[in-house]
Amino acid sequence: MARPTRGFVWRESRVRASWLPPGQHDIEGAWPVLTAEATPDIRTEEWTLAVEGLVEEPRMWTWDEIHVLPQSTYSGDIHCVTSWSKHDVAFRGVSIDALFDHSRVLPEATHVVGSCHTGYTTNLPLADVTGGRAWVAFEYRGEPLPAAHGGPARLLVPHLYFWKSAKWLTGLRLLDHDEPGFWERNGYHNHGDPWLEERYQGD
Ligand SMILES: Nc1nc2c(c(=O)[nH]1)N[C@H]1C(S)=C(S)[C@@H](COP(=O)(O)O)O[C@H]1N2
Ligand SMILES: [Mo]
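These numbers were taken from a predicted model, which means no experiment stands behind them. (Residues numbered from 1 in each chain as written. Chains lettered and ligands numbered in written order. Predicted model: local features only at pLDDT ≥ 70, side-chain atom pairs only at ≥ 80, totals over all residues. Heavy atoms only, no water.)

J.: Would you take a moment to explain the confidence of the model for the chain for this structure?
T.: The predicted coordinates ought not to be read in detail in places where the model reports low pLDDT. Predicted confidence across the chain gives a mean pLDDT of 94, with 93% of residues reaching 70 or more. Model confidence for the chain, summarised as mean pLDDT per element, is weakest for helix H1 (residues 6–12) at 47 and strongest for strand S10 (residues 154–156) at 99. Low confidence marks residues 1–12, where pLDDT is under 50. Its contacts with residues over four positions away, or in another chain, come to 1 contact. (pLDDT = per-residue confidence, 0-100. Helix = DSSP H or I, 4+ residues; strand = E, 2+ residues; numbered from the N terminus. Contact = heavy atoms within 4.5 Å.)

Below, the structure written as structure tokens:
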């Protein structure tokens, strides 16, 4: 009778799941809070998001206005540079494409800087936030995004390390050059692709 031995089970548990990028482990049910600042208390009535810089129509969105835009869901995984990954998350929000359709990005724009209520910033190539790969997310599993996780709304760029997903997002600024953000100026990789292990400067 082919019953798995202890040794068999031991080896199986060390087979890395295919959804995990190199050097990452599964955090399973948990969702750690990683915040450099104190969690701000932002009421939706006072929430705004600016889309500015190299766009034809700079625009400040209120909570009600952004909720008129088409919504979409990201179902997939997230990867923190500190090595935890979370499988099968489900965020809902408005794609950055939907915001940019409205503001019409100028042809010279190449990069975006996301900024936060707290002063935290992160930089991204324009190509990484367009094409249905980035959102302003305001729901997690059908519930309002908790404040500790960036609520009322955060940037979500799940194909890059999670530090790019700026919590308490207040603005997206389009630039014709790159402008490293908070962690990018402090030793972290400028791009942050988990599949290429772009963790630190020089990786
Ligand atoms: N404003 C702000 N956004 C932030 C951070 C932060 O410290 N401040 N931390 C980043 C990092 S390193 C990670 S891993 C994720 C953590 O999000 P979570 O606390 O919801 O897990 O948020 C990112 N966005
Ligand atoms: Mo992180």
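Still more ground to cover, so stick around.
J.: What exactly am I supposed to notice about the site of ligand 1 here?
T.: For ligand 1, the set of nearby residues contains 20 residues, the closest of which are Pro32, Ala36, Glu37, His149 and Lys167. Note that an oxygen atom of ligand 1 is positioned 2.7 Å from one of the backbone N or O atoms of Ala36. Taking Glu37, its side chain carries an N or O atom lying 2.7 Å from a nitrogen atom of ligand 1. Here ligand 1 has 530 Å² of accessible area as a free molecule, and 98% of this is covered by the chains. Split by residue class, the shell around ligand 1 holds 13 nonpolar, 4 polar and 3 charged. (Near = heavy atom within 4 Å. Polar contact = N/O pair within 3.5 Å; in protein donor to acceptor, adjacent residues only side chain to side chain. Areas by Shrake-Rupley, 256 points an atom, 1.4 Å probe, with all protein chains shown as cover. Nonpolar A, V, L, I, M, F, W, Y, C, P; charged D, E, K, R; others polar.)

J.: Honestly, the environment of Glu37 in this entry has me stumped. Any pointers?
T.: Mapped onto the elements, Glu37 comes out in the loop between strand S1 (25–26) and strand S2 (48–53). Look at Glu37 and you get partly exposed, because its relative accessible area is 23%. Sequence-wise, Glu37 and Tyr120 are 83 residues apart; in three dimensions their C-alpha atoms are separated by 8.2 Å. Discounting chain neighbours no more than four positions away, the residues touching Glu37 are Thr118, Tyr120 and Trp168. A polar contact of 2.3 Å, which involves the side chain of Glu37, links it to the side chain of Thr118. (Buried < 20%, exposed > 50% of the residue type's maximum accessible area, 1.4 Å probe, protein only.)

J.: Hey, could you run me through the nonpolar core in this one?
T.: One recurring pattern in soluble globular proteins: nonpolar side chains tend to sit buried together. Core analysis: the largest hydrophobic core is formed by 37 residues, its most contacted members being Ile66, Ile96, Leu99, Phe100 and Val136. Of all elements in the fold, only S2, helix H2 (63–66), helix H3 (96–103), strand S6 (111–116), helix H4 (126–129), strand S8 (135–140) and strand S11 (169–175) reach the threshold of two or more residues within this core. Sort the elements by how many residues they give to this core and H3 lands first, with 4 residues. The next biggest cluster of nonpolar side chains, apart from the first, holds 13 residues, and it includes Trp84, Phe91, Leu145 and Phe162. (Core = buried A, V, L, I, M, F, W, Y, C linked by side-chain atoms within 4.5 Å.)

J.: Help me understand the pairing of S8 in this model?
T.: Look at any regular strand and the pattern is simple: side chains alternate between the two faces of the sheet. Across the 6 residues that make up S8, a large majority, 5, are buried. Pairing of strand S5 (residues 84–95) with S8 involves 5 bridges; the strand directions are antiparallel. Note that in S8 the partner of Gly93 across the bridge is Ala137. Here S8 runs beside S10; their pairing, made up of 3 bridges, is antiparallel. Of the residues in S10, the one forming a bridge with Ala137 is Arg154. Where S8 and strand S9 (residues 143–144) come together, 2 bridges link them in antiparallel fashion. Paired with Glu139 across the bridge in S9 is Pro144. (Pairing = 2+ DSSP bridges.)

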